[in-house]
Amino acid sequence: MIDQLTIDKIRDTAQILDVVSDYVSLRRRGQNYVGLCPFHADKNPSFYVSPSKNICKCFSCNEGGDPIHFIMKHEQIGYLAAIRLLAKKYGIEIKERELTPEEKAAQTAREGMLRLNEFAMQTFENDLFETDEGRNIGLAYFRERGLQDETIKRFHLGYAVEKRTTLAERAIRAGHPRELLLDPTEERKEGVGLCYADNDQQMPQCRFHGRVIFPFMSLSGQPVAFGGRILQRVDHAFKKYVNSPESIIYRKGNMLYGLFQAKADIAKQDKCFIVEGNVDVLSMSQAGFRNVIASAGTALTTNQIHIIQRFTKNVTLMFDGDEAGIRASLKTIDLLLLEDMRVKLLLFPDGDDPDSFCRKHTTEELQQFFAANEQDFIVYKAQMLLRDAGNDPMKRANVVQNIVQSIALISDPISASIYIRTTAQMLNIDEKYLQQALLQAQRTNYANELRRMEIENRRREAENQQNALMQAMQTAAIRHTDAPERNIVRLLVRHGGDLFNYVNRDAGPEAEPQTWRVVDFIGTYLENADIKFQNPLYAKMLRMALIASEDPSVPFDSLKFFTQHADSKVNQTALDLAEDRNEAFGIVELNESLEKDVPRVLLELQDAILRTKIDDLNRQLQTPGSDTIEIMRQLTECNELKKQIGKELGERIITA
């Protein structure tokens, strides 16, 4: 467990602008900063960072929070893991006590998996440099490929020793659970797949034994997976490359090799080179081109493009100059254009890839080659397709149609118009014909999108109808009480520890005012009236406030308590209540006069509860066989009490 003084120091040190900038390219807008939201597919910047308040918020998907909660949401880790990550970032020493067995068991599987991968990465690194086997095989291979020690260490390259049980023995001895070493299964989701075992008694054997290791890092620098390349065996029984299986911390389609090391340079240069292989990244980075990443051995996915968009919209695809490389580039161009990326292509001479080409040339020669051979996608695509079409008129017509279909994916009309003009000049075609073809392609794309949306809407409608009856019961129970409960919690968040004077009108005209803390008054009032919140989240926040403020001699900073709470739902709700003074329920805005507002919101809740009960009693009257006399008696009592509350509410609203 981390002591509270350390946590407080980390909270005071961590700056939201500094933290978010590690993940999102931000631009200043007034006193705040804005960028593409990392939590949803954001094409127009809707993610704001407020340095003065030390919080961030997306005004599209509503995600946000302080530095700790941003890290928790982005990295999908728990509160303590986020604290540790920030401590590492700011060089703050963490003071801990040893966890009890119960506390160890309570820690989340995700945090355990990340810690295990961190242990494995350090083990692989140490074995590369500190063992004879690692130096003679692994390090010798990397140096043969021209990699310097600085590059090897920067990317945390390593070596897995040949003895298959070594990694598992070390990990278990260090306290890591055996089951986390194994592949995840349907029954047991936890597991990083470092090892395999035929039965429960067998010591797990390392999946990567005898291979050099390439860690895959999250944007925060945590190892989430590994790739291993075999060096000595070349027979068919052994795969040349082996990768970690997908797990709850690793999704292949979301991973970009080298992005953690490259993200700052990508944002600074507003440009990203995309290559195919891990070693391509290493060689280019070592040659001075540090804004380079790889798609981790897969075709580029939409999720990967969204991640790149956080740092730049400008990408240059680098492919081998062979036929396979050329075809791979065509498959990727349209996907990038569809996501509003600005695309260029660069092909290496046939027989070369980025790695081999970089090792043959100096940095200056590479800069000259890139400048001379980097092409806009439209020029590249036209030249390549026309070469294949030759003089066949039908094939050349198909080339024109192919290019126009790519341009139709570009949402910016000015950019599309420029590309049409360029294509017309290149192909010596009247521009108006290309404009007509573009319009037809855009209409086709629009029609296809409408059909897709219609199918999706029908599916959602059917799903909504299935859930309607279940939701109706729950909604009916809280529809009257949700707004006043929200207002009570809003006062708890903003003023829970504040004092105010309350005069009990039932005690007579001579009654003296009493001083109350807001949280104490609300808790006492609800207990005496035997009122329970219907909204589970608001009920939870009320319980939290009452527990945290039990000692009246200790100041209760309710705003800090809620907005910095480890529970992300509590934290987000508190941020909304603290920032947004315009309620969505159409009720009177609180005037922040505690003497009037605290009793008023409690009366409003009582009034809402009575309305719910009256509605229920009226429904019972329509039920055959109901006890009409008893129901009418209860209705009379409820209506009389509602009149009394309504009168007092009217007085408080008028005096407010």
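*Asks:* What is the right way to look at the overall build of the chain in this model?
*Replies:* Assigned secondary structure in the chain consists of 27 helices and 18 strands. In the chain, buried positions account for 46% of the 656 residues. Approximately 33,700 Å² of the chain is accessible, and the part contributed by carbon and sulfur atoms is 51%.

*Asks:* Is there a simple way to think about the packing of aromatic side chains in this case?
*Replies:* Aromatic rings considered in pairs are described by the distance between their centres and by the relative angle of their planes. Overall, the coordinates contain 27 aromatic pairs when judged by the stated rule. Between Phe-377 and Tyr-419, the aromatic rings sit 4.9 Å apart at their centres with planes inclined by 65°, giving edge-to-face as the arrangement. Separated by 42 residues along the polypeptide, Phe-377 in helix 17 (residues 377–389) and Tyr-419 in helix 19 (residues 413–427) bring together distant segments of the chain. Under the relative-accessibility criterion, Tyr-419 is labelled buried at 15%.

*Asks:* Looking at this structure, how should I read the layout of surface pockets?
*Replies:* Think of a ball as big as a water molecule: rolled over the atoms, this probe shows where empty space is left. Approximately 840 Å³ is the volume attributed to the second largest pocket. Taken together, 31 residues line the second largest pocket, and the ones lying closest to its centre are Pro-38, His-74, Asn-254, Ile-307 and Arg-310. Across the lining of the second largest pocket, the residue classes tally to 16 nonpolar, nine polar and six charged.

*Asks:* Can you walk me through the sheet that holds strand 16 (residues 375–376) in this structure?
*Replies:* Through backbone hydrogen bonds, the strands of a sheet pair up, either in parallel or in antiparallel fashion. Read across the sheet, five strands follow the order 13-12-14-15-16 without closing on themselves; strand pairing throughout is mixed. Bordering the open sheet on either side are strand 13 (292–294) and strand 16, each of which pairs with just one other strand. Pairing geometry for strand 14 (residues 314–319) and strand 15 (residues 342–347), over six bridges, is parallel. Bridge pairing in strand 15 places Asn-314 opposite Arg-342. Relative to strand 13, helix 12 (residues 278–286) is tilted by about 175°, and along the sheet it contacts strand 12 (272–275), strand 13 and strand 14.

*Asks:* What should I look at first to understand helix 1 (residues 4–13) in this one?
*Replies:* One turn of the α-helix equals 3.6 residues, which is why residues spaced by three or four share an orientation. Within helix 1, burial applies to Thr-6, Ile-7, Ile-10 and Arg-11. Summarising the axial view, the buried residues of helix 1 lie within an arc of 140°, below the 170-degree limit, and thus occupy one face. Facing away from the buried side of helix 1 by over 90 degrees, the exposed positions are Leu-5 and Asp-12.

*Asks:* Quick question: what am I supposed to make of the nonpolar core here?
*Replies:* Across soluble globular proteins, nonpolar side chains show a tendency to be buried alongside one another. If you look at the biggest cluster of nonpolar residues, it comprises 141 residues, and the most contacted ones within it are Phe-70, Leu-194 and Phe-370. By residue number, the principal contributor to this core is helix 6 (residues 109–130), which donates nine residues. The contacts of Phe-370, once residues within four sequence positions are left out, are Phe-273, Met-284, Phe-289, Met-318, Leu-346 and Phe-348. Judged by nonpolar contacts, the second largest core, of 30 residues, contains Ala-574, Leu-594, Val-601 and Leu-605.

*Asks:* Any chance you could explain helix 21 (residues 482–495) here in plain terms?
*Replies:* An ideal rise of 1.5 Å per residue puts 20 Å on 14 residues; helix 21 measures up with 20 Å between its terminal C-alpha atoms. Counting buried positions along helix 21 gives 14 out of 14 residues, so the element sits mostly inside the fold.

*Asks:* What is the right way to look at the pairing of strand 12 in this model?
*Replies:* Side-chain direction in a regular strand flips from residue to residue, so the side chains alternate between the two faces of the sheet. Alternating residues of strand 12 divide into Cys-272 and Ile-274 and Phe-273 and Val-275, and every residue in both groups is buried. Here three bridges tie strand 12 to strand 14, and the two strands are oriented parallel to one another. Across the sheet, residue Ile-274 finds its bridge partner in strand 14, namely Leu-317. Sheet analysis places strand 12 next to strand 13, joined by three bridges and oriented parallel. Paired with Val-275 across the two strands is Ala-294, which belongs to strand 13. A crossover connection joins strand 12 to the parallel strand 13 through helix 12; in handedness this β-α-β unit is right-handed.

*Asks:* Looking at this model, I keep getting lost on empty space enclosed by the protein. Mind explaining?
*Replies:* A full pass over the atoms with the stated rule returns one cavity of 30 Å³ or more. Computed from the structure, the largest cavity encloses a volume of approximately 50 Å³. Taken together, the elements giving at least two residues each to the lining of the largest cavity come down to helix 6 and helix 9 (166–173). Class assignment for the residues of the lining of the largest cavity results in five nonpolar, two polar and four charged.

*Asks:* Quick question: what am I supposed to make of unusual backbone geometry here?
*Replies:* Even without being a glycine, His-156 presents a positive backbone phi close to 55°. If you trace the backbone, His-156 turns up in the loop between helix 8 (149–154) and strand 6 (158–159). For His-156, a relative accessible area of 23% translates into the label partly exposed. Phi at Asp-530 takes a positive value of approximately 55°, unusual for a residue other than glycine. Residue placement: Asp-530 occurs in the loop between helix 22 (518–528) and helix 23 (536–548).

*Asks:* How should the environment of Pro-177 be read in this particular structure?
*Replies:* Considering the arrangement of structural elements, one finds Pro-177 in the loop between helix 9 and helix 10 (178–181). Between the C-alpha atom of Pro-177 and that of Met-113, which follows or precedes it by 64 residues, the distance is 9.3 Å.

*Asks:* Help me out: how do you make sense of the packing of helix 21 against helix 26 (residues 594–621) in this one?
*Replies:* Axis angle and axis distance: for two packed helices, these are the angle between their axes and the distance between the axes, and together they describe the pair. The N-to-C vectors of helix 21 and helix 26 enclose an angle of 150°; their axes lie 8 Å apart at closest approach. With respect to helix 26, the axis of helix 21 lies roughly antiparallel. Judged by the twist between their axes, the crossing of helix 21 over helix 26 is left-handed. Counted together, Pro-484, Glu-485, Asn-487, Ile-488, Leu-491 and His-495 of helix 21 and Leu-594, Asp-597, Val-598, Val-601, Leu-602, Glu-604, Leu-605 and Ala-608 of helix 26 form the full contact between these two elements. Looking at the contact of helix 21 with helix 26 residue by residue, the class counts come to nine nonpolar, two polar and three charged.

*Asks:* I would appreciate a short explanation of the environment of Glu-162 in the present structure.
*Replies:* Within the fold, Glu-162 resides in the loop between strand 6 and helix 9. In this structure, the C-alpha to C-alpha distance between Glu-162 and His-209, residues 47 residues apart in sequence, is 4.9 Å. At a separation of 3.4 Å, a polar atom in the side chain of Glu-162 contacts the side chain of His-209.

About the thresholds
Residues numbered from 1 in each chain as written. Predicted model: local features only at pLDDT ≥ 70, side-chain atom pairs only at ≥ 80, totals over all residues. Heavy atoms only, no water. Helix = DSSP H or I, 4+ residues; strand = E, 2+ residues; numbered from the N terminus. Buried < 20%, exposed > 50% of the residue type's maximum accessible area, 1.4 Å probe, protein only. Areas by Shrake-Rupley, 256 points an atom, 1.4 Å probe, with all protein chains shown as cover. Phe/Tyr/Trp six-rings, centres within 6.5 Å; stacked < 30°, edge-to-face > 60°. 1 Å grid on protein atoms, 1.4 Å probe; cavity = no way out; pocket = protein on both sides within 12 Å on 5 of 7 lines; lining within 4 Å. Points joined across faces, edges and corners; volume = space filled by probe spheres on them. Nonpolar A, V, L, I, M, F, W, Y, C, P; charged D, E, K, R; others polar. Pairing = 2+ DSSP bridges. Contact = heavy atoms within 4.5 Å. Axes fitted to C-alpha atoms, helices over the stretch in contact; angles between N-to-C directions. Arc of directions from axis to C-beta. Core = buried A, V, L, I, M, F, W, Y, C linked by side-chain atoms within 4.5 Å. Expected span 1.5 Å × (residues − 1). Right-handed = clockwise from strand over helix to strand, strands pointing away. Parallel < 35°, antiparallel > 145°, perpendicular 65-115°, else oblique. Left-handed = near helix turned anticlockwise from the far one by under 90°. Polar contact = N/O pair within 3.5 Å; in protein donor to acceptor, adjacent residues only side chain to side chain.

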